[in-house]
Amino acid sequence: MKSVEEHLNGILERVSPLSPLELQLLDAHGSLLVDEVAATGDLPPFDNSSMDGYAVRLADVADAGERYPVVLDVIADIPAGTAPDVTLEPGTCARIMTGAPVPAGTEAIVPVEWTDQGMPTVRITKSPSEGQYIRRRGDDVSAGQTVLAGGTELGAPQVGLLAAIGRDRVRVRPKPRVVILSTGSELVQPGRPLTAGQIRDSNSYMLTAAAREAGAIAYRVGNVADDPKALIDTIEDQLIRADVVVTTGGVSAGAYDVVKEVLSELGTVAFDKVAMQPGMPQGFGTIGPDDTPIFTLPGNPVSAFVSFEVFVRPALLRMQGAARIERQVVRARCESAFGSPDGKRQFIRAKYTPAESPAHSATVEPVGGQGSHLIGSLALANALIVVPEDVTEVRRGSGVDVMLL
């Protein structure tokens, strides 16, 4: 059998980052930047008010108080989006709205709550400090400053920043398009009644969600019956919109395992046994005129999920140009004892609890049974305990590696 590392390295050697695309900001959301981005101007681009109120000179309002208000002439009314052509002279002020440019001579803003909101004169009952409530030009971002590094994931704040500095398009690694299909004549779609011998197709839904969580654009295809022609026709029809194809089921040694039967004949997909549990039968290769990568995963739900986490997810992140493609692995104290098969790396569904304080250890507890068909326990897990190939027994209280999901 191949080791987990051998199989994964063989995949990553054949998967490369997708070619960059220049996209509109909202289309680029969730993707990784290719180039660093520098501001071409200051942000804010001018001194402006952070409050609705009055622009004043400090000397004019130094003695303002509730008992003896200062009264000033209001010589201008400045809404946001205008350019004031006025200079404050002694004894004068200007009414100003939030975001509006401050007029020449302004040393502070008096919030409207400190006044009687008067026009054409205003009574001011409190004195501001120098520069109070004025946003200075460039105090957020200065011209020429690098604001986002290459490789940054564009979340909502990053999209907002790009818009604020005037960028409407950026070069990013596109999200890989993943086509996911389940095989098996026994499969029925959720929402439809079951007859004898049938089960519902959960894998295609689970793996589509997993692919989206990995940053991909995922397309779920309805399940395909155990018919070689139907399978190859479906895959070929989907290649036009696929950067990756993922199948689940039909990769063991049974008489009706059509995925292995069909793709073996093409000579571009290798089927191997990998020293892991669950998920021993694995297939990977390319298909179609563009050598589209194809993953063939086992059909049991837990096997399919673990296989996706260990092999498919890192490949999808590599295609997006991510610097880190592996899940975080931490150490924790195991709260239960269990055995593990000799010579295989075992992935145990588990509940991970972080340490409450530096004086305590993080803990992890296996959840449910460990059969590869038990999706109920998988839904309770937030981690996988990773047991090395040469460990056959995990004792209660021992330290273990934990892959956080």
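So, how was this worked out
What you see as residue numbers is a count from 1 along each chain, following the sequence as written. Where local features are concerned, this predicted model is filtered to residues with pLDDT of at least 70; where side-chain atom pairs are given and counted, the filter is 80 or more; whole-chain, interface and lining totals use all residues. Each side-chain value is derived from all of the structure's non-hydrogen atoms; neither hydrogens nor water enter the calculation. Strands are runs of DSSP state E lasting at least two residues, helices are runs of H or I lasting at least four, and both sets are numbered from the N terminus onward. Note that the radius of gyration is over C-alpha atoms, with the globule rule given as 2.2 Å times the number of residues to the power 0.38. The cut-offs for exposure are 20% and 50% of the maximum accessible area for each residue type, with area from a 1.4 Å probe on protein chains only; residues under the lower value are buried, those over the upper are exposed, and the others partly exposed. We call two residues in contact whenever any of their non-hydrogen atoms come within 4.5 Å of each other. Accessible areas in this description were obtained via Shrake-Rupley with a 1.4 Å probe; residue shielding takes into account the shown protein chains only. Under this rule, positive means Lys or Arg and negative means Asp or Glu; His and the chain ends count for nothing. By convention, the point assigned to a charge is CZ for Arg, NZ for Lys, CD for Glu and CG for Asp. Polar contact is defined as a pair of N or O atoms within 3.5 Å, subject to the rule that within protein one atom must be able to donate a hydrogen and the other to accept it, and that residues adjacent in sequence are counted only when both atoms are side-chain atoms. Strand pairing is defined by DSSP finding a minimum of two bridges between the two strands. Put simply, a salt bridge is a Lys or Arg side-chain nitrogen that is within 4 Å of an Asp or Glu carboxyl oxygen. Where helices are involved, their axes are fitted lines through C-alpha atoms of the stretch in contact, as for all axes, and angles between N-to-C directions lie from 0 to 180°. Side-chain atoms within 4.5 Å are what join buried Ala, Val, Leu, Ile, Met, Phe, Trp, Tyr and Cys residues into a set we call a nonpolar core. For this classification, under 35 degrees means roughly parallel, over 145 means roughly antiparallel, 65 to 115 means roughly perpendicular, and everything else is oblique. With the far helix as reference, a near helix turned anticlockwise by less than a right angle produces a left-handed crossing, and one turned clockwise produces a right-handed crossing. Residue classes follow a fixed rule: Ala, Val, Leu, Ile, Met, Phe, Trp, Tyr, Cys and Pro count as nonpolar, while Asp, Glu, Lys and Arg count as charged, and any other residue, Gly among them, counts as polar.

Trainee: Could you clarify how one ought to interpret the overall build of the protein in this entry?
Mentor: The helix and strand inventory of the protein stands at nine helices and 28 strands. Against the 2.2 N^0.38 benchmark of 22 Å for 405 residues, the protein shows a C-alpha radius of gyration of 31 Å, more extended than a compact globule. Projected onto its principal axes, the C-alpha positions of the protein cover 95 × 55 × 45 Å. Looking at the protein residue by residue over its 405 residues, the buried ones come to 46%. Contacts in the protein between residues at least 24 apart in sequence constitute 70% of all its contacts with a sequence separation of at least 6. In the structure as shown, the protein presents an accessible area of about 19,500 Å², 49% of it carried by carbon and sulfur atoms. Positive and negative side-chain charges in the protein, numbering 36 and 50 respectively, have mean positions lying 5 Å apart.

Trainee: Would you take a moment to explain the side chain of Arg327 for this structure?
Mentor: The topology assignment puts Arg327 in the loop between helix 8 (301–319) and strand 22 (329–334). Here Arg327 falls in the buried class, since its relative accessible area comes to 17%. At 2.8 Å, the side chain of Arg327 forms a polar contact with the side chain of Glu309. Those residues within four positions of Arg327 in sequence are excluded, and the remaining contacts are Glu309, Arg313, Met403, Leu404 and Leu405.

Trainee: Would you mind going over the pairing of strand 26 (residues 383–387) with me for this structure?
Mentor: Consecutive side chains of a regular strand alternate in pointing toward one face of the sheet and then the other. Among the five residues in strand 26, five count as buried, and that is most of the element. Both faces of strand 26 are covered, namely the face carrying Ala383, Ile385 and Val387 and the face carrying Leu384 and Val386. For strand 24 (residues 345–353) and strand 26, the ladder comprises five bridges, and the chain directions are antiparallel. Counted as the bridge partner of Gln346 is Val387 from strand 26. Bridge count between strand 26 and strand 28 (residues 399–404): four bridges; the pairing is antiparallel. Considered in strand 28, the bridge of Leu384 is made with Met403.

Trainee: Teacher, can you tell me more about the pattern of salt bridges here?
Mentor: Side chains that carry opposite charge are capable of pairing whenever their charged atoms lie near each other. Scanning the model with the defined rule gives 16 salt bridges in all. In this structure, Arg137 engages Asp42 in a salt bridge whose closest nitrogen and oxygen atoms are separated by 2.8 Å. Of this pair, Arg137 sits in the loop between strand 10 (134–135) and strand 11 (146–148) while Asp42 sits in the loop between strand 3 (37–38) and strand 4 (48–49), and the two are 95 residues apart along the sequence. Exposure remark for Arg137: the relative accessible area of 54% places this residue in the exposed category.

Trainee: How should the sheet that holds strand 18 (residues 269–273) be read in this particular structure?
Mentor: Read across the sheet, six strands follow the order 16-13-17-21-20-18 without closing on themselves; strand pairing throughout is mixed. Single-partner strands in this sheet number two, and they are strand 16 (217–224) and strand 18. For this sheet, the mean angle separating the axes of adjacent strands, direction not counted, is 15°. Where strand 13 (residues 177–183) lies against strand 16, six bridges are found, and the strand directions are parallel. In the strand pairing of strand 16, Ile180 is matched with Arg220. Lying on the sheet, helix 7 (residues 258–266) is in contact with strand 13, strand 17 (244–248), strand 18, strand 20 (281–287) and strand 21 (292–297); it crosses strand 18 at an angle near 130°.

Trainee: Just to check I follow, could you spell out the sheet that holds strand 5 (residues 53–56) for this structure?
Mentor: Adjacent strands of a sheet pair through backbone hydrogen bonds, lying either parallel or antiparallel. Across the sheet, five strands lie side by side as 8-5-7-6-9; this open sheet has mixed pairing. One side of each edge strand has no neighbouring strand; the edge strands of this open sheet are strand 8 (108–111) and strand 9 (121–124). Ignoring which end each strand starts from, the neighbouring axes of this sheet average 40° apart.

Trainee: I would appreciate a short explanation of the nonpolar core in the present structure.
Mentor: A general tendency of soluble globular proteins is for nonpolar side chains to be buried together. Core analysis: the biggest nonpolar cluster contains 42 residues, and Val246, Phe295 and Leu316 have the highest contact counts within it. Val221, Leu231, Val251 and Val259 belong to the second-largest nonpolar core, a separate cluster that totals 19 residues.

Trainee: Just checking my understanding: could you explain the packing of helix 1 (residues 4–12) against helix 8 for this structure?
Mentor: Packed helices, taken two at a time, are described by the angle between their axes plus the distance between the axes. At a closest axis distance of 10 Å, the pairing of helix 1 and helix 8 adopts a crossing angle of 30°. The angle between helix 1 and helix 8 places the two elements in the roughly parallel class. Helix 1 and helix 8 meet at a crossing whose hand is right-handed. For the pair helix 1 and helix 8, contact is made by Val4, His7, Leu8, Ile11 and Leu12 and by Val310, Phe311, Pro314, Ala315 and Arg318, respectively. A breakdown of the residues in the contact of helix 1 with helix 8 according to their chemical character gives eight nonpolar, one polar and one charged.

Trainee: Teacher, can you tell me more about unusual backbone geometry here?
Mentor: In this chain, Leu43 is followed by Pro44 through a cis amide linkage whose omega measures -5°. With respect to the helices, strands and loops of the structure, Pro44 is situated in the loop between strand 3 and strand 4. Residue Gln277 is joined to Pro278 through a cis peptide bond whose omega torsion reads 0°. Relative to the elements of secondary structure, Pro278 occurs in the loop between strand 19 (276–277) and strand 20. Non-glycine residue Gln117 carries a positive phi angle of around 60°. Looking at where Gln117 falls in the secondary structure, it is placed in the loop between strand 8 and strand 9.

Trainee: When you look at the pairing of strand 13 in this model, what are you seeing that I'm missing?
Mentor: Counting buried positions along strand 13 gives six out of seven residues, so the element sits mostly inside the fold. Bridge count for strand 13 against strand 17 is five bridges, and the pairing is parallel. Residue pairing for strand 17: Ser182 is matched across the bridge by Thr248.

On their own, these measurements won't tell you what the molecule is for.
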